[in-house]
Amino acid sequence: MKLKCNFSVTFLMSLFLLLLAENGNAQSKALLKLEVSKQNPHYFQTEDGKPFFWLGDTGWLTFGKLSREELNTYFQDRKKKGYNVIQVMVLHTLAVKNVYGDYALVDGNVSKPLTTPGNDFKNPAEYDFWDHVDYALDVAQKNGIYLAMVPVWGTNISSKDSKVTKADVEKYAQFLADRFKNRTNVIWLNGGDTYGDKFTDIWNAIGNTLKNNTNQLVTFHPFGRTDSSENYHNAKWLDFNMFQSGHRRYDQDTLPNSFKEDNYKFVLRDYALKPTKPTLDGEPSYEGIPHGLHDTLQPKWKDQDLRRYAYWSVFAGGAGFTYGNNAVMQMFHKGEKKGAYGNKAIWSDELNAPGAGQMQYVKKLILRFNYNDRMPDESMVANQGVKYNYIAATKGKDYALAYTYNGKNIILNMGVIQGAKVKASWYNPRNGKEKAIGLFANKGVQDFNPPGEKSEGNDWVLILTSK
């Protein structure tokens, strides 16, 4: 009888723990806090000193449009594909509400978050918009994911009808700081697709309030083809830079002095700034979105374009990269009348878009080598080209990596890494597979011919390691 009793207690305890683990409100172990690397401040690390490569996804409307069940689906999928950061809006609009009908604000007033006592999901009177955000943070934490949260999207400030004041956002940012300051998986993206040189009093107020009242990383998510460093690099609240390389083709961009599709130029510029801070592409062209965004008759950006943006920017010294998909970023559901930018695909189907699964290979490649001695080095490329003929190159003491987007030969000035000889191989960005080429003398000039014919999307990484 005693044995049966112990067995029953053990069984019931096991069942309880299993149910608790499956409950989204169950607290999992807190993630290690993120910080700028102490060894090399161009990059990130976790608080225990280990390298952290930012691999992000743009799930902008996650808080507003995903149910609890869908949050689990989304974060579990992104974990499997190697993502560790999700970029999400807190307030898409001032009238935003979640899928359960809970509004974020009282009468759309940013200084008055709408909260209710308790957080019992089974009792609607005790569950609100902010409890749903907490739930999302719990599920993200369980899956090893940090949420990079935009407090209020830029259009809510820049709209000609906006009545949001500096005092309003200071109250709101203080609310965010008080509620989420103990969360180790929160990053703050100030701004939100907006020009950094406008409404600077608002953005500085939000940035300063968050930085002064939390121990979390803060940056600025800017408008297309602009960079946080242009306005806020020296701001005390800005821990790292973020740029939006944008959605237009070379020929669609008529802005003067624009880097156009050359997103690596943002990184190279930021890399040289003092004080040294990490930088990354926080919004490139999304997979499945029309070239230039608004004309739905234009071709759509493909997985190969996202790979190009990823390897170009990371090899230029980027601290990571953020992927985007047209359906996923807006969490488009079946039955919705119209998707933005011509989208008709369902968000859950597009979780498995080709590019979504390929981003993990840039992360895996970079983390194979000594992380903190990595630096860009265009000078090693003897046949440097422009536009799609550009070859991105990076190196450490005992390794070098060079990326060709279109199968163009890579001709290298050897001797840029240590060793009398180097081992060479081709790395496939589409599947992460590697094919050995052979041993080469580490001197002079060497011509490497990648597999396949020269064509856009026949991209390869040349790996050299010291022998």
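Residues numbered from 1 in each chain as written. Predicted model: local features only at pLDDT ≥ 70, side-chain atom pairs only at ≥ 80, totals over all residues. Heavy atoms only, no water.

1. Topic: the overall build of the chain
Move 1: Summing up its helical and strand segments, the chain has 14 helices and 22 strands in all.
Move 2: The globule rule puts the C-alpha radius of gyration for 467 residues at 23 Å, and the 23 Å found for the chain is close to it.
Move 3: Its C-alpha atoms put the chain at 75 × 70 × 45 Å along the principal axes.
Move 4: When the 467 residues of the chain are sorted by exposure, 58% land in the buried category.
Move 5: Long-range pairs, those at least 24 residues apart, make up 71% of the contacts in the chain between residues at least 6 apart in sequence.
Move 6: Within the structure as shown, the chain displays about 20,000 Å² of accessible surface, and the carbon and sulfur contribution to it stands at 53%.
Move 7: Of note, the chain has its 58 positive side-chain charges centred 5 Å away from the centre of its 49 negative side-chain charges. (Helix = DSSP H or I, 4+ residues; strand = E, 2+ residues; numbered from the N terminus. Rg over C-alpha atoms; globule rule 2.2 N^0.38 Å. Buried < 20%, exposed > 50% of the residue type's maximum accessible area, 1.4 Å probe, protein only. Contact = heavy atoms within 4.5 Å. Areas by Shrake-Rupley, 256 points an atom, 1.4 Å probe, with all protein chains shown as cover. Lys, Arg positive; Asp, Glu negative; His and termini not counted. Charge placed at Lys NZ, Arg CZ, Asp CG, Glu CD.)

2. Digging into the pairing of strand E22 (residues 460–466)
Consecutive residues of a regular strand have side chains that alternate between opposite faces of the sheet.
Move 1: Of all seven residues in E22, six are buried, a share of seventy percent or more.
Move 2: Across six bridges, the pairing between strand E17 (residues 399–404) and E22 is antiparallel. Bridging across to E22, leucine 401 finds its partner in isoleucine 463.
Move 3: Strand direction decides the pairing type here: strand E19 (residues 421–427) and E22, joined by six bridges, are antiparallel. Bridging from a neighbouring strand, valine 422 pairs with serine 466 of E22. (Pairing = 2+ DSSP bridges.)

3. Overview of the side chain of asparagine 84
Move 1: Tracing the backbone through its elements, the reader meets asparagine 84 in the loop between helix H3 (68–80) and strand E5 (85–91).
Move 2: The exposure class assigned to asparagine 84 is buried, which follows from its relative accessible area of 7%.
Move 3: Other than its neighbours up to four places away in sequence, asparagine 84 contacts Phe52, Phe53, Trp54, Leu55, Gly144, Ile145, Tyr146 and Lys363.

4. Observations concerning the sheet that holds E17
In any sheet, the strands associate via hydrogen bonds between backbone groups, in a parallel or an antiparallel arrangement.
Move 1: Pairing is antiparallel in the open sheet, where six strands are placed in the order E15-E16-E17-E22-E19-E20. The open sheet has two free edges, formed respectively by strand E15 (375–376) and strand E20 (434–441), since each of these has just one partner strand.
Move 2: Where helix H10 (residues 303–315) meets the sheet, its contacts fall on E15, strand E16 (391–395), E17, E19 and E22, and the angle it forms with E17 comes to roughly 145°. (Axes fitted to C-alpha atoms, helices over the stretch in contact; angles between N-to-C directions.)

5. With respect to the sheet that holds strand E1 (residues 34–36)
Move 1: Strand order in this open sheet of three strands is E1-E2-E3, and the pairing throughout is antiparallel. In this open sheet, the two edge strands, each paired with only one partner strand, are E1 and strand E3 (51–52).

6. With respect to the pattern of salt bridges
When their charged atoms lie close together, side chains carrying opposite charge are able to pair.
Move 1: Scanning the model with the defined rule gives 24 salt bridges in all.
Move 2: Between aspartate 77 and arginine 78 there is a salt bridge whose closest N-O contact spans 2.8 Å. Comparing aspartate 77 with arginine 78 shows no difference in burial state: the two are buried.
Move 3: Linking aspartate 262 and lysine 265 is a salt bridge whose minimum nitrogen-to-oxygen distance equals 3.1 Å.
Move 4: Taking relative accessible area as the criterion, aspartate 262 reaches 7% and is therefore assigned buried.
Move 5: Salt bridges sharing partners connect three or more residues here, namely Asp131, Asp134, Asp138, Arg179 and Arg183. (Salt bridge = Lys/Arg side-chain N within 4 Å of Asp/Glu carboxyl O.)

7. Structural notes on the nonpolar core
Soluble globular proteins: nonpolar side chains tend toward being buried together.
Move 1: Membership of the largest hydrophobic core comes to 118 residues, with the highest contact counts inside it found for Trp54, Phe75, Trp130, Leu147, Met149, Tyr311 and Phe315.
Move 2: The element best represented in this core is helix H4 (residues 129–142), accounting for eight residues.
Move 3: Ignoring sequence-local partners within four residues, the contact set of phenylalanine 315 consists of Leu365, Ile366, Pro376, Ala392, Ala393, Thr394, Leu401, Ala402, Tyr403 and Val461. (Core = buried A, V, L, I, M, F, W, Y, C linked by side-chain atoms within 4.5 Å.)

8. A word on the pairing of strand E14 (residues 320–323)
Move 1: Side chains Gly320 and Thr322 of E14 all project onto a buried face; the interleaved residues Phe321 and Tyr323 project onto the opposite face, where all are buried too.
Move 2: Bridging between strand E4 (residues 54–58) and E14 involves four bridges; their strand directions are parallel. Its bridge partner being in E14, leucine 55 is matched across the sheet by phenylalanine 321.

9. Observations concerning the layout of surface pockets
Move 1: In this structure, the largest pocket occupies an estimated 870 Å³ of space.
Move 2: Along the wall of the largest pocket there are 34 residues; nearest its centre are Trp153, Asp193, Glu283, Met329 and Tyr341.
Move 3: Breaking the lining of the largest pocket down by element, the ones donating at least two residues are helix H2 (62–65) and E5.
Move 4: Here the element with the most residues in the lining of the largest pocket is H2; it accounts for three residues.
Move 5: A per-class count over the lining of the largest pocket returns 16 nonpolar, eleven polar and seven charged.
Move 6: Space inside the second largest pocket adds up to approximately 280 Å³.
Move 7: Every residue lining the second largest pocket is counted, 19 residues in all, and those nearest its centre are Arg225, Thr226, Glu230, Pro256 and Asn257.
Move 8: For the lining of the second largest pocket, the secondary-structure elements that each account for two or more residues are strand E10 (218–222), strand E11 (226–227), helix H8 (229–232) and helix H9 (264–271).
Move 9: For the lining of the second largest pocket, the class distribution of residues is seven nonpolar, seven polar and five charged. (1 Å grid on protein atoms, 1.4 Å probe; cavity = no way out; pocket = protein on both sides within 12 Å on 5 of 7 lines; lining within 4 Å. Points joined across faces, edges and corners; volume = space filled by probe spheres on them. Nonpolar A, V, L, I, M, F, W, Y, C, P; charged D, E, K, R; others polar.)

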